[in-house]
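# A structural walkthrough
If you want the building blocks of each chain, they are given just below.
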Amino acid sequence: MRLDKFISETTSLTRSLAKKALHRGEICCDGEVVKNSAFKVKVGCKVTLNGELLELRGPRYIMLHKPIGYICSTIDEEHPSVLSLLKLNNRDRLCIAGRLDLDTTGLVLITDDGQWSHRITSPKKECGKRYRVQLADPVEASLTEQFAKGVELRGERELTRPAKLEIHSPTEVLLTIHEGKYHQVKRMFAAVGNKVIGLHRESVGEIELDPALEPGQWRYLSENEIKSV
Ligand code: URA
């Protein structure tokens, strides 16, 4: 691979910024300063930028504990993007596999593997997402059956797909859904006359939010977690 391409693949520098770094003599290959952007990087060659080793890596798979106040958009808008919590190179290649609202906390999966992300977000794949929900009003036991059958969301023709409701207390429940319509959980409770006042995603498929992660913290997924999707 050409050296300028290698640098842009392994850092946040574009190819033209990589060329500038090369001209400034900031890049070494196996300890020698290299200024030629067309230099071919061979397997095993140690490339450094200002002394820091650059490494090519495969796709990244990340779990983040999303705090309140961050948006699941790839760019900062009125509020900061969850991606700003990851101090990583090439953040622009990452996509968010299943979004959470600004005021929702919990598990967000982030990757630069588009197919893997699709397996989580595609409604056809029926990947379950479990939410812990705090409600304004107490729920009745009959809601479990109602959600299992499906409810009609405002503005939608079809009923929601069967969802699993576990009632922990009159105002705290666990809800597992297998689709991801816009504001789905909030709209499901609105459809039965209740209001969500706290929403936290605990799991996506078999991947559980790591209890060791504080809001705002993240880690790479394990091989088993990646394979489970
Ligand atoms: N459903 C919602 O209403 N909000 C979320 O953030 C996720 C699911």
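Small disclaimer: the values here were computed from a predicted structure and weren't measured.

Across its full length, the chain holds 6 helices and 13 strands. Computed over its C-alpha atoms, the radius of gyration of the chain comes to 22 Å, more than 25% above the 17 Å expected for a compact globule of 229 residues. The principal-axis extents of the C-alpha atoms in the chain amount to approximately 70 × 35 × 30 Å. When contacts within the chain are restricted to residue pairs at least 6 apart in sequence, those whose partners lie at least 24 apart make up 62%. When the accessible surface of the chain is split by element, carbon and sulfur atoms take 50% of a total near 12800 Å². Of the charged side chains in the chain, 35 are positive and 32 negative, and the gap between their average positions amounts to 7 Å.

All right, on to the pairing of strand β8 (residues 129-135) then. Burial runs high along β8: 5 of the 7 residues are buried. With 7 bridges connecting them, β8 and strand β11 (residues 196-204) associate as antiparallel partners. Within β11, the residue paired with Gln 134 across the bridge is Gly 198.

A separate point is the site of the ligand. Leu 100, Asp 101, Thr 104, Tyr 131, His 183, Gln 184, Val 185, Lys 186 and Leu 199 make up every residue found near the ligand. Taking Val 185, its main chain carries an N or O atom lying 3.1 Å from a nitrogen atom of the ligand. Compared with its free state, where it exposes 240 Å², the ligand has 96% of that area covered by protein. Examining the composition of the shell around the ligand, we find that 3 residues originate from one element, helix α5 (residues 184-191), more than from any other. Taken together, the residues that form the shell around the ligand break down as 4 nonpolar, 3 polar and 2 charged.

Its identity as a non-glycine residue notwithstanding, Asp 30 has a phi of 45°, on the positive side. Despite not being glycine, Asn 50 shows a phi value in the positive range, around 50°. As for its position among the elements, Asn 50 is in the loop between β3 (47-49) and β4 (52-54). According to the relative accessible area criterion, Asn 50 is exposed, its value standing at 58%.

This part takes up helix α2 (residues 15-23). Of all the positions in α2, only Ala 18, Ala 21 and Leu 22 are classed as buried. What you see down the axis of α2 is that its buried residues fit within an arc of 100°, all on one side. The inward-facing, buried residues of α2 contact α1 (3-10), β1 (27-29) and β3. Two residues or fewer past α2, Gly 25 is found with a positive phi of approximately 80°.

Turning to the pairing of strand β5 (residues 61-66), a few remarks are in order. One face of the sheet, then the other: side chains in a regular strand alternate in exactly this way. Counting buried positions over the 6 residues of β5 gives 6, a clear majority of the element. Burial of β5 is two-sided: the residues Tyr 61, Met 63 and His 65 facing one way and the residues Ile 62, Leu 64 and Lys 66 facing the other way are all buried. By the bridge criterion, 3 bridges tie β5 to strand β13 (residues 218-220) in an arrangement that is antiparallel. Each bridged residue has a counterpart across the sheet, and for Ile 62 the counterpart in β13 is Tyr 220.

Let us now look at the pattern of salt bridges. Applying the stated criterion across every chain yields a total of 19 salt bridges. For Arg 161, the salt bridge goes to Glu 126, with nearest N and O atoms at 3.1 Å. Of the two residues, Arg 161 sits in the loop between α4 (143-149) and β9 (164-169) while Glu 126 sits in the loop between α3 (114-121) and β8, which places them 35 residues apart along the sequence. The exposure class of Arg 161 is partly exposed, given its relative accessible area of 30%. Between Glu 202 and Arg 130 there is a salt bridge, with the nearest N and O atoms lying 2.9 Å from each other. You can see Glu 202 sitting in strand β11 and its partner Arg 130 sitting in strand β8, a full 72 residues away along the chain. Taking the relative accessible area as the measure of exposure, Glu 202 reaches 14% and is therefore buried.

Turning to the domain arrangement of the chain, a few remarks are in order. Here the chain is described as being made up of domain 1 (3-54), domain 2 (58-124 + 212-229) and domain 3 (128-204). Computed from C-alpha atoms alone, the centre-to-centre distance between domain 1 and domain 3 is 51 Å.

Each value, and the rule that gives it
Residues numbered from 1 in each chain as written. Predicted model: local features only at pLDDT ≥ 70, side-chain atom pairs only at ≥ 80, totals over all residues. Heavy atoms only, no water. Helix = DSSP H or I, 4+ residues; strand = E, 2+ residues; numbered from the N terminus. Rg over C-alpha atoms; globule rule 2.2 N^0.38 Å. Contact = heavy atoms within 4.5 Å. Areas by Shrake-Rupley, 256 points an atom, 1.4 Å probe, with all protein chains shown as cover. Lys, Arg positive; Asp, Glu negative; His and termini not counted. Charge placed at Lys NZ, Arg CZ, Asp CG, Glu CD. Buried < 20%, exposed > 50% of the residue type's maximum accessible area, 1.4 Å probe, protein only. Pairing = 2+ DSSP bridges. Near = heavy atom within 4 Å. Polar contact = N/O pair within 3.5 Å; in protein donor to acceptor, adjacent residues only side chain to side chain. Nonpolar A, V, L, I, M, F, W, Y, C, P; charged D, E, K, R; others polar. Arc of directions from axis to C-beta. Salt bridge = Lys/Arg side-chain N within 4 Å of Asp/Glu carboxyl O. Domains from an automatic or database assignment.

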